[in-house]
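Secondary and tertiary structure notes
So you can see what is in the structure, the chains are spelled out below.
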Amino acid sequence: MIALNKFLLVGLGLIAIQLISCENSSAEQHWHKGNLHTHSLWSDGDDFPEMIIQWYKDNDYQFIALSDHNTIGDSEFWYEIKERERKHKTLEKYQNRFGDWVETKTDSGKTLVRLKTFEELQSKFQLPDSFLVIKSEEVTSSFENKPVHINVTNIEEKIDPIRGTSVLDVMQRTLDAVHEQRKSLNIPMFAHINHPNFGYGISTEDLKQLNGERFFEVYNGHPAVNNEGDDTHVDTETMWDLINIHYYKEGKPLMFGVATDDSHRYHTFSSKDSNTGRGWVMVNSKKLATEDLISAMENGDFYASTGVHLKKFYTDQNQIEIEVGPEVGVNYEIIFMGYKKGAEAVVALKKVKGTSASYTFQKEDVFVRVSINSDAKKENPIMVDEIKKAWTQPILAP
Ligand SMILES: [Zn+2]
Ligand SMILES: [Zn+2]
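Residue numbers restart at each chain and count upward from 1, following the sequence in its written direction. Here the convention is simple: chains get letters from A, ligands get numbers from 1, in the order in which they are written. Local features are withheld for residues below a pLDDT of 70 in this predicted model, meaning they are given only at 70 or higher, and side-chain atom pairs are given and counted only at 80 or more; totals for whole chains, interfaces and linings count all residues.

Glancing now at the pairing of strand β14 (residues 319-324). Put simply, side chains in a regular strand alternate between the two faces of the sheet. Once C-beta atoms are placed from the backbone, each residue is buried if 20 or more other C-beta atoms lie within 10 Å of its own, exposed if 12 or fewer, and partly exposed for counts between those two. By the criteria applied, helices consist of DSSP H or I runs no shorter than four residues and strands consist of E runs no shorter than two, each listed in order from the N terminus. Residues of β14 alternate between two faces, with Ile320, Ile322 and Val324 buried on one and Gln319, Glu321 and Glu323 left unburied on the opposite face. Paired strands, as defined in this entry, are two strands with at least two bridges between them according to DSSP. Where strand β13 (residues 310-315) lies against β14, five bridges are found, and the strand directions are antiparallel. Residue pairing across strands places Phe313 opposite Ile322, the latter belonging to β14. What sits between β13 and β14 in their antiparallel hairpin is a turn of three residues.

Following this line, the structure appears as structure tokens:
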């Protein structure tokens, strides 16, 4: 009897522990939505930064990185209102929304508006536990006629465009500069490679050779970036897998994929305009603080989305479990994409139609990621019949 009781107690205890750990695995997920790639009048965007930040804040984002080309918005800059602004009533809209906060002056018949610095913008919009404004720069370099654009999230000091002897050299020098700044200032920050297929500037081979890169844009919402590739260039999702097969073989940490807006146009909306709301990341972090978001992203604890929302994404030693937060009337397909030892390519290991699925790791699996497709068409897409998707990060099989 005593022995049986003991057995029962131990058994119940185990069940209790299992229930707690299962509950924790989903209860502990705190997803924060953010866009890491945005332009304003500080470079070639067509609106004041406050209007842009306000849009993201009003549309349920928890963080936004302002990433203008080759500037961190830390100087005194009076922007001259030109024909484009008059056409879009850019200043009027800004004044209507922000009133006395707006600073203007006239000089020789020109209307000038002072762009607020990053620090001013951050103190105006950042709210503890609800909204972060992250300092960023799109370090915009090139090699010959090939664009090499790299975002630096949570940058502290501006990095000037980098010159080098090849596309790879420019990228590597940029990354090295980011790592050096991070180390010398002891501030967490990371670089992500932007739109590799923009002008077909960055090839899969270039990305394979890089050392120290962890992130690239698997999706960029700018209509000119060729996420889908063409007859002679692979799409960015295929590129991602090819890079990771190589990184795995070389013993490098795997590359993670982000989705971003790369928004520039805030007054005209079409598939030819780089608008807001097209691509974002969802980061699982208990605290909404820049350091925590960066650390979660560096652990791969996030997914990229163009409209599919995940309710749960959980992995342990045995399996991956995933559950979509479905939209009414939308159908989903969950595809486990994996690379097996000795294989040539990443292939679909398992496909499930529905809103939840799990995958049990097999002996030969090296890494597995999940692609979630839907049949929901995107509003304001960048290409015909674009559907809402999500991509989790690749997970190394135990
Ligand atoms: Zn760019
Ligand atoms: Zn950009």
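This part takes up the nonpolar core. The nonpolar core criterion groups buried Ala, Val, Leu, Ile, Met, Phe, Trp, Tyr and Cys residues into a set whenever they are joined through C-beta atoms within 7 Å. Counting residues in hydrophobic clusters, the biggest one holds 78 residues, and the most contacted among them are Val281 and Ala304. Composition of this core by domain shows at least three residues from each of domain 1 (30-77 + 115-305) and domain 2 (307-398). We call two residues in contact whenever the C-beta atoms placed from their backbones are within 7 Å. The residues touching Ala304, leaving out its near neighbours within four places in the chain, are Val218, Tyr219, Gly257, Val258, Ala259, Gly279, Val281, Ala390 and Trp391. Core analysis: the second largest hydrophobic core is formed by six residues, Leu41, Tyr94, Val113 and Leu115 among them. Where each domain begins and ends follows an automated or database-derived domain assignment.

As a further point, take the sheet that holds strand β5 (residues 110-114). Note: strands within a sheet are paired through backbone hydrogen bonds, in either parallel or antiparallel orientation. Spatially, the three strands line up as an open sheet ordered β3-β5-β4, and their pairing is antiparallel. Strands with a single pairing partner mark the edges of an open sheet, and in this sheet they are β3 (78-80) and β4 (104-107). In this sheet, adjacent strand axes meet at a mean angle of 35° when their direction is disregarded. Pairing geometry for β3 and β5, over three bridges, is antiparallel. If you follow Trp78 over to β5, its bridge partner there is Arg114. Think of each axis as a best-fit line through the C-alpha atoms, taken over the contacting stretch in the case of a helix, with angles from 0 to 180 degrees between the N-to-C directions.

Where helix α2 (residues 49-58) contacts helix α4 (residues 90-98), the axes come no closer than 10 Å and their chain directions differ by 60°. As far as their axial angle goes, α4 and α2 are oblique. At the point where α2 passes α4, the crossing takes the left-handed sense. Here α2 contributes Glu50, Met51 and Gln54 to the contact with α4, which in turn contributes Lys93, Tyr94, Arg97 and Phe98. A breakdown of the residues in the contact of α2 with α4 according to their chemical character gives three nonpolar, one polar and three charged. What sets the label is the angle itself: under 35 degrees gives roughly parallel, over 145 gives roughly antiparallel, 65 to 115 gives roughly perpendicular, and the rest give oblique. Helix crossings fall into two classes, left-handed where the near helix is turned counterclockwise from the far one by less than a right angle and right-handed where it is turned clockwise. Each residue gets one of three labels, nonpolar for Ala, Val, Leu, Ile, Met, Phe, Trp, Tyr, Cys and Pro, charged for Asp, Glu, Lys and Arg, and polar for the others, Gly among them.

Turning next to helix α9 (residues 290-298). Buried within α9 are the following residues: Leu293, Ile294 and Met297. Seen along its axis, α9 keeps its buried residues to an arc of 100°; they face one direction. If you follow the buried residues of α9, they end up packed against β1 (31-35), β2 (63-69), β8 (190-193), β11 (280-284) and β12 (302-305). This arc describes the spread of directions from the helix axis toward the C-beta atoms.

Averaged over all residues, the pLDDT of the chain equals 94, while 93% of them reach at least 70. What pLDDT conveys is the predictor's confidence in a given residue, as a value from 0 to 100. Confidence drops under pLDDT 50 across residues 1-24; counting only partners more than four residues distant or on other chains, this segment forms zero contacts.

Inspection of the secondary structure puts Gly257 in strand β10 (residues 256-260). Sequence separation between Gly257 and Pro394 is 137 residues; the distance between their C-alpha atoms is 8.9 Å. Apart from the residues within four sequence positions on either side, Gly257 is in contact with Phe216, Val218, Trp240, Ala304, Trp391 and Gln393.

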